[in-house]
Amino acid sequence: MAAASGGGLRRCAAGLGRAVRTVSGSGRAAAAEALRAEQLAERLRARRSEEEKREKPCAKAKSRSSSSDGVLFSPQLPKDPARRRVRELAVLSKQLQQVHPNVLAKVLKQGTVYQNEEIVVINKPYGLPVHGGPGIKNCIADVLPILAKMLENMKAEPLHLCHRLDKETTGVMVLARSKEVAERIRLLFKTRQVEKVYWAISVGDPDPTEGIVEIPIVEKEVRGQQSHYKMTLAPNYRLSPEDGKVVKIRKNRNAESAVTRYRRLASSSACSLLELQPITGVKHQIRVHLAYGLGCPILGDHKYSHWSKLAPQKLPEITLKRLKLEQSKARHLPLHLHAHRLSLPLGERLDLVCKPPLFFQKTLKKLELDVTND
């Protein structure tokens, strides 16, 4: 029994030795695999580093350049013209939030259309908010000190905002060199002494082609799957269902008076180019008066093309065909609203004009909306 036990122990020891050798061999194999993996990872890191070095000069050159809209475009764009255009329009606002404030200030400087000892006038780019807020990295207010230093023959004191435009609205924007001038201009806006002329491409043709919309506006909550707030009409009159007569109704105490003069400049492809003059300055006034007052929402106004839902704007077939766009891509269309001219009675009356951005001009051409008078 003892001999048997000893043989069993020797066999166990031999087996254990083989097991140890096997484990050791597996360890060496694992170590070799780990070494090869480490070498491969090192080669990949080196290759990636080389690619980044080659890409950096291109990225820097692209960050220095800007489009005529004052924005930077993505280096990877689809080859198809229609898809490429949609992609370009979709990234305008996003890119402005990614650039360095110095780059943004340079873009604004390039968009300067007028300046004197009291004011600086810029052509505001699309997709750039005037004020900061949640999720906003870049805005005009934040880069005013940088812009002030970039402008020639000017002290390094920050510029001052005199009025505001919506994030999606482009065009004439006045900045003051001092607080005193800014307060004077704000008072001119408040007392309606500043004449403002906008251009908008609308979906549909207003009837009549020229007139005045004078309907108060109020903000209301839209309840549904996606509850949200919108500005809407709060008329003082309605048609009686019994006899069709105009009946005065109780005024909404929260509604603000809103007056917009409009005139059609051109019409084609189920769209119109409109000249608009807001007499008052209610939030989203032009958009609400066109969409709900005249039934002609602004092209790219996805918020006010519907009342009860948040959805992309539905476009006529002829419009989609001329734009070479699919309805599924219509959500990328930007708001076609441009502050075209501003007449400012500052000593002598200044007529300040800004050309529409490139995307606006391209849309005019594609829709065959020929401007016969400026």
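For the structure, see preceding data.
Residues numbered from 1 in each chain as written. Predicted model: local features only at pLDDT ≥ 70, side-chain atom pairs only at ≥ 80, totals over all residues. Heavy atoms only, no water.

Asks: Residues and numbers for the pairing of strand β1 (residues 112–115), please.
Replies: Every other side chain in a regular strand lies on the same face of the sheet, so the side chains alternate between the two faces. Here 3 bridges tie β1 to strand β2 (residues 119–124), and the two strands are oriented antiparallel to one another. Across the sheet, Tyr-114 pairs through a bridge with Val-121, a residue of β2. Two successive antiparallel strands, β1 and β2, enclose a turn made up of 3 residues. (Pairing = 2+ DSSP bridges. Helix = DSSP H or I, 4+ residues; strand = E, 2+ residues; numbered from the N terminus.)

Asks: Could you give an account of the pairing of strand β14 (residues 348–353), naming the residues involved and the relevant values?
Replies: Sheet analysis places strand β13 (residues 337–346) next to β14, joined by 6 bridges and oriented antiparallel. Residue Leu-342 lies in a different strand from β14, and its bridge partner there is Leu-352. Taking the residues between adjacent antiparallel strands as the criterion, β13 and β14 are bridged by 1 residue, where Gly-347 takes a positive phi near 75 degrees.

Asks: Any details on the packing of aromatic side chains? Residues and values, ideally.
Replies: Evaluation of the coordinates by the stated rule reveals 3 aromatic pairs. Taken together, a centroid distance of 5.9 Å and an interplanar angle of 75 degrees make the contact between Tyr-292 and Tyr-304 edge-to-face. Remark: Tyr-304 occurs in the loop between α6 (285–293) and α7 (317–323) and Tyr-292 occurs in helix α6; sequence separation between them is 12 residues. Between Tyr-292 and Trp-307, the aromatic rings sit 6.1 Å apart at their centres with planes inclined by 80 degrees, giving edge-to-face as the arrangement. Highlighted residues: Tyr-292 in helix α6 and Trp-307 in the loop between α6 and α7, separated in sequence by 15 residues. With a relative accessible area of 23%, Tyr-292 lands in the partly exposed category. You can call Trp-307 partly exposed: its relative accessible area is 34%. (Phe/Tyr/Trp six-rings, centres within 6.5 Å; stacked < 30°, edge-to-face > 60°. Buried < 20%, exposed > 50% of the residue type's maximum accessible area, 1.4 Å probe, protein only.)

Asks: How would you summarise the pattern of salt bridges if you had to cite specific residues and measurements?
Replies: Inspection of the entire model under this criterion finds 10 salt bridges. Between Arg-264 and Asp-205 there is a salt bridge; the shortest N-O distance is 2.6 Å. Taken as a pair, Arg-264 in strand β11 (residues 259–268) and Asp-205 in the loop between β5 (195–203) and β6 (210–214) lie far apart in primary sequence, 59 residues in all. Residue Asp-205 is classed as partly exposed on the basis of its relative accessible area, which comes to 37%. Here Lys-283 ties to Glu-219 by a salt bridge, and the two come within 3.8 Å at their closest N and O atoms. Placement of the pair is Lys-283 in the loop between β12 (271–278) and α6 and Glu-219 in strand β7 (residues 217–222), with a sequence separation of 64 residues. Overall, the relative accessible area of 43% leaves Glu-219 in the partly exposed class. Through salt bridges with shared partners, a single network forms among Asp-166, Arg-287 and Asp-301. (Salt bridge = Lys/Arg side-chain N within 4 Å of Asp/Glu carboxyl O.)

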